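# Descriptive structure summary
As a plain string of letters, each chain reads:
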Amino acid sequence: MSETKVSSEDPIIAKWEAHLEEEGFHEKWMHTDAPEYEYSEHTHPVDTTYVVLQGSMVVHIGEVEREVGPGNRFDVPKHTLHRAKVGPKGATFLIGVKV
């Protein structure tokens, strides 16, 4: 797992970054997970959003299961139980947090 601050040099990332900023997600960073990494069920005290840039993952938010890949976004409202499993090629995604 690794995290880095967002670099607006990539036009796709810059577009997402600006869009998330407009929505109030003022903290943003890039995150990469290894293949098959699993997040156990948990919550966050803030609203979060995730934009998949590379790879894939299956996310479970409440009772909903969804497979996401490049260009897909999913939102997790604060205090909502969720879990995820990263796909076989790993995943890199942009995370936005409303503080």
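Located above this text is the structure these notes cover.
Below is a short write-up of the structure. Computed from a predicted model, the values in this text were never measured in an experiment.

## A few points about the nonpolar core
Counting 15 residues, the largest nonpolar core has Tyr50, Met57, Val59, Phe74, Phe93 and Ile95 as its most contacted members. Elements represented by at least two residues in this core include exactly strand 4 (48–61), strand 6 (73–76) and strand 7 (82–97). The greatest single-element share of this core, amounting to 6 residues, is contributed by strand 7. In contact with Phe74, not counting residues within four places along its chain, are Thr48, Thr49, Tyr50, Val52, Met57, Val59, Ile61, Arg66 and Val68. Membership of the second largest hydrophobic core comes to 6 residues, among which are Leu20, Met30, Val51 and Leu94.

## Points about the environment of Thr92
Tracing the backbone shows Thr92 in strand 7. Since its relative accessible area comes to 14%, Thr92 is described here as buried. Only 3.1 Å separates the side chain of Thr92 from the side chain of Thr32, close enough to count as a polar contact.

## Here we look at the packing of aromatic side chains
For the structure shown, the criterion picks out 3 aromatic pairs. Ring geometry for Tyr37 against Tyr39: centres 4.8 Å apart, planes inclined by 75 degrees, an arrangement best described as edge-to-face. By relative accessible area, which is 31% here, Tyr37 ends up partly exposed. Here the aromatic residues Tyr50, Phe74 and Phe93 are joined through ring pairs into a cluster of three or more.

Criteria and cut-off values
- Residues numbered from 1 in each chain as written.
- Predicted model: local features only at pLDDT ≥ 70, side-chain atom pairs only at ≥ 80, totals over all residues.
- Heavy atoms only, no water.
- Core = buried A, V, L, I, M, F, W, Y, C linked by side-chain atoms within 4.5 Å.
- Buried < 20%, exposed > 50% of the residue type's maximum accessible area, 1.4 Å probe, protein only.
- Helix = DSSP H or I, 4+ residues; strand = E, 2+ residues; numbered from the N terminus.
- Contact = heavy atoms within 4.5 Å.
- Polar contact = N/O pair within 3.5 Å; in protein donor to acceptor, adjacent residues only side chain to side chain.
- Phe/Tyr/Trp six-rings, centres within 6.5 Å; stacked < 30°, edge-to-face > 60°.

Geometric values such as these leave the question of function open.
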